[in-house]
Amino acid sequence: MSASTSATLRHDWSLAEVKALFVQPFNDLLFQAQTVHRAHFDANRVQVSTLLSIKTGACPEDCKYCPQSGHYNTGLEKEKLMEVQKVLEEAARAKAIGSTRFCMGAAWKHPSAKDMPYVLEMVKGVKAMGLETCMTLGRLDQDQTVALADAGLDYYNHNLDTSPEFYGSIITTRTYSERLQTLAYVRESGMKICSGGILGMGESLDDRANLLIQLANLPEHPDSVPINMLVKVAGTPLENAEDIDPFDFIRMLAVARILMPQSHVRLSAGREAMNEQMQALAFFAGANSIFYGEKLLTTANPQADKDMQLFSRLGILPEAREEHADEVHQAAIEQALVEQKSSEQFYNAAV
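What you see is a predicted model, and the numbers here were worked out from it, not measured in a lab.

Turning our attention to the side chain of Thr136. You can see Thr136 is positioned in strand β3 (residues 132-136). Apart from the residues lying within four places of it in its own chain, the contact partners of Thr136 are Met104, Gly105, Ala106, Tyr156 and Asn157.

Below, the structure written as structure tokens:
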């Protein structure tokens, strides 16, 4: 099967078509994904985001993968909503290490009326720094969505997590239709959608294909599609889940790239467990966005300097902001990468 590399986007993928992509020879799939990727993106640029937990723990949802759920004893301390100034300080640090997007996540089923004013101030403050803004706050109603858009929020993250068929095995406190409704509100408000899922929860190939079909067949493709590898946390129902085969994970990234050629496909949670070779394959398969920094909400993430070292070895540079790139800041990042590449801290494969 061949995928078009033209600008025409499809929203009518069938299960048979998508499964055929998954099961083709690995090299054929990667070649196809890389061809599609190069038709729409610079193959050696990766968008860099930082994620901060602005409110941690005691979430009323029962997502079986999540250490922040109040239903499980994972040893995670409940924290109140962070002060606005502290969030802005973290955003400034993120910009200083090269992030172009600052994502803020709160462990809520939905934001409350009393918390919304503080959330809106966070958005305005981060936006004023010249960073793209992203939030994940749970389910939104239409008024909350409009308020976030008016405050300047660029992206809203609301993952579908898995297929509609497997969803009830993972979450019972929020319906799939509620998730789709929130995405519809976000799209109608003019904000960009960030939505993806998690692999390694016991789902089947059909489930993986159907998750991507749900995303690709939306009226507009998500601008950002995070593909997460389950981070198994003691105390959650999935702490002993079977490890996902690394090649299966790469296949997921490649098929996502083919189905949603103009979206950023984010190599998201689980990178701490991936070696450099697997991450390099992920970028070749069409992943062109990462979270950057030491933590993803409550789980570990490769440290920023390690990411920059890997970028240098692969000849990858951070992607500039689309709206108004800070050229001086971007040039400083690229110069730092050049200097790092020539330093002695890097392993020389030719020696």
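That shown, we press on.
Okay, the layout of surface pockets next. In this structure, the second largest pocket spans a volume of roughly 230 Å³. The wall of the second largest pocket is formed by 17 residues, among which Met229, Leu230, Asp243, Gly270 and Ala273 lie closest to the centre. Across the lining of the second largest pocket, the residue classes tally to 10 nonpolar, 2 polar and 5 charged.

Quick look at the packing of aromatic side chains now. Enumeration over the complete set of coordinates arrives at 3 aromatic pairs. Taking the centre distance of 5.2 Å and the plane angle of 80° together, the rings of Phe26 and Phe247 count as edge-to-face. Placement of Phe26 in helix α2 (residues 26-40) and of Phe247 in helix α9 (residues 246-259) is noted, with a sequence separation of 221 residues between them. Taking the relative accessible area as the measure of exposure, Phe247 reaches 47% and is therefore partly exposed. Here Tyr167 and Tyr176 contribute two aromatic rings whose centre-to-centre distance is 5.1 Å and whose plane-to-plane angle is 85°, an arrangement assigned as edge-to-face. Here Arg10 stacks its cationic end above the ring of Trp13, 4.0 Å away from the centre of that ring. The cationic tip of Arg101 hangs over the ring face of Tyr155; the distance from NZ or CZ to the ring centre is 3.8 Å.

This brings us to the packing of helix α8 (residues 205-216) against α9. Orientation of α8 relative to α9, taken along the N-to-C sense of each, is 25°, at an axis distance of 10 Å. Between α8 and α9, the angle is such that the two are roughly parallel. Seen along the crossing, α8 lies across α9 with a hand that is right-handed. Residues Arg208, Leu211, Leu212, Ile213 and Ala216 of α8 touch α9, and the partners they reach there are Asp248, Met252, Val255, Ala256 and Leu259. In the contact of α8 with α9, the residues fall into 8 nonpolar, no polar and 2 charged.

Here the focus is the UniProt feature "binding site: [2Fe-2S] cluster" (unreviewed entry) in the chain. Those places that UniProt annotates as "binding site: [2Fe-2S] cluster" (unreviewed entry) correspond, in this numbering, to Cys103, Cys134, Cys194 and Arg266. These residues run over 164 residues, yet every pair of their C-alpha atoms falls within 13.9 Å of each other. Within the secondary structure, Cys103 is located in strand β2 (residues 101-106). On the accessibility criterion, Cys103 (2% relative accessible area) is buried. Apart from residues no more than four positions distant in its own chain, Cys103 is found in contact with Ser49, Thr50, Leu51, Leu52, Cys134 and Phe291. Mapped onto the secondary structure, Arg266 falls in strand β8 (residues 264-267). Accessibility expressed as a relative area gives 1% for Arg266, which makes it buried. If we skip the residues at most four places from it in the chain, Arg266 touches Gln47, Ser49, Arg101, Cys194, Ser224, Val225, Pro226, Ile227, Ser289, Ile290 and Phe291. In terms of polar contacts, Arg266 uses its side chain to reach the side chain of Ser49, at 3.4 Å.

Our next topic: the pattern of salt bridges. Tallied over the full model, the rule gives 14 salt bridges. Between Arg101 and Glu132 there is a salt bridge, with its nearest N and O atoms 3.0 Å apart. Residue Arg101 is located in strand β2, and its partner Glu132 is located in strand β3; the two are separated by 31 residues in the primary sequence. Here Arg101 matches Glu132 in class, with each residue buried. Ionic pairing is found between Lys127 and Asp154, a salt bridge with its closest N-O pair at 2.6 Å. You can see Lys127 sitting in helix α4 (residues 116-128) and its partner Asp154 sitting in the loop between α5 (142-151) and β4 (155-157), a full 27 residues away along the chain. When its relative accessible area of 30% is taken as the criterion, Lys127 is described as partly exposed.

Using the criterion set out here, one finds 0 disulfides in the structure. Residue Cys103 stays outside any disulfide, its sulfur separated by 3.7 Å from that of Cys134, the closest cysteine.

Let's shift gears to α8. Under the 1.5 Å per step criterion, the end-to-end length of α8 is 16 Å for 12 residues, consistent within 8% with the ideal 16 Å. For α8, the tally of buried residues reaches 9 of 12 residues, placing the bulk of the element in the interior. Turning to α8, its buried residues are Asp207, Arg208, Ala209, Asn210, Leu211, Leu212, Ile213, Leu215 and Ala216. In this fold, the buried residues of α8 make contact with α1 (15-23), α6 (164-167), α7 (176-189), β6 (197-199), β7 (224-229) and α9.

Reading guide: rules and limits
Residues numbered from 1 in each chain as written. Predicted model: local features only at pLDDT ≥ 70, side-chain atom pairs only at ≥ 80, totals over all residues. Heavy atoms only, no water. Helix = DSSP H or I, 4+ residues; strand = E, 2+ residues; numbered from the N terminus. Contact = heavy atoms within 4.5 Å. 1 Å grid on protein atoms, 1.4 Å probe; cavity = no way out; pocket = protein on both sides within 12 Å on 5 of 7 lines; lining within 4 Å. Points joined across faces, edges and corners; volume = space filled by probe spheres on them. Nonpolar A, V, L, I, M, F, W, Y, C, P; charged D, E, K, R; others polar. Phe/Tyr/Trp six-rings, centres within 6.5 Å; stacked < 30°, edge-to-face > 60°. Buried < 20%, exposed > 50% of the residue type's maximum accessible area, 1.4 Å probe, protein only. Lys NZ or Arg CZ within 6 Å of the ring centre and 35° of its normal. Axes fitted to C-alpha atoms, helices over the stretch in contact; angles between N-to-C directions. Parallel < 35°, antiparallel > 145°, perpendicular 65-115°, else oblique. Left-handed = near helix turned anticlockwise from the far one by under 90°. UniProt positions renumbered as here; feature names shortened; annotations may be inferred. Polar contact = N/O pair within 3.5 Å; in protein donor to acceptor, adjacent residues only side chain to side chain. Salt bridge = Lys/Arg side-chain N within 4 Å of Asp/Glu carboxyl O. Disulfide = S-S within 2.5 Å. Expected span 1.5 Å × (residues − 1).

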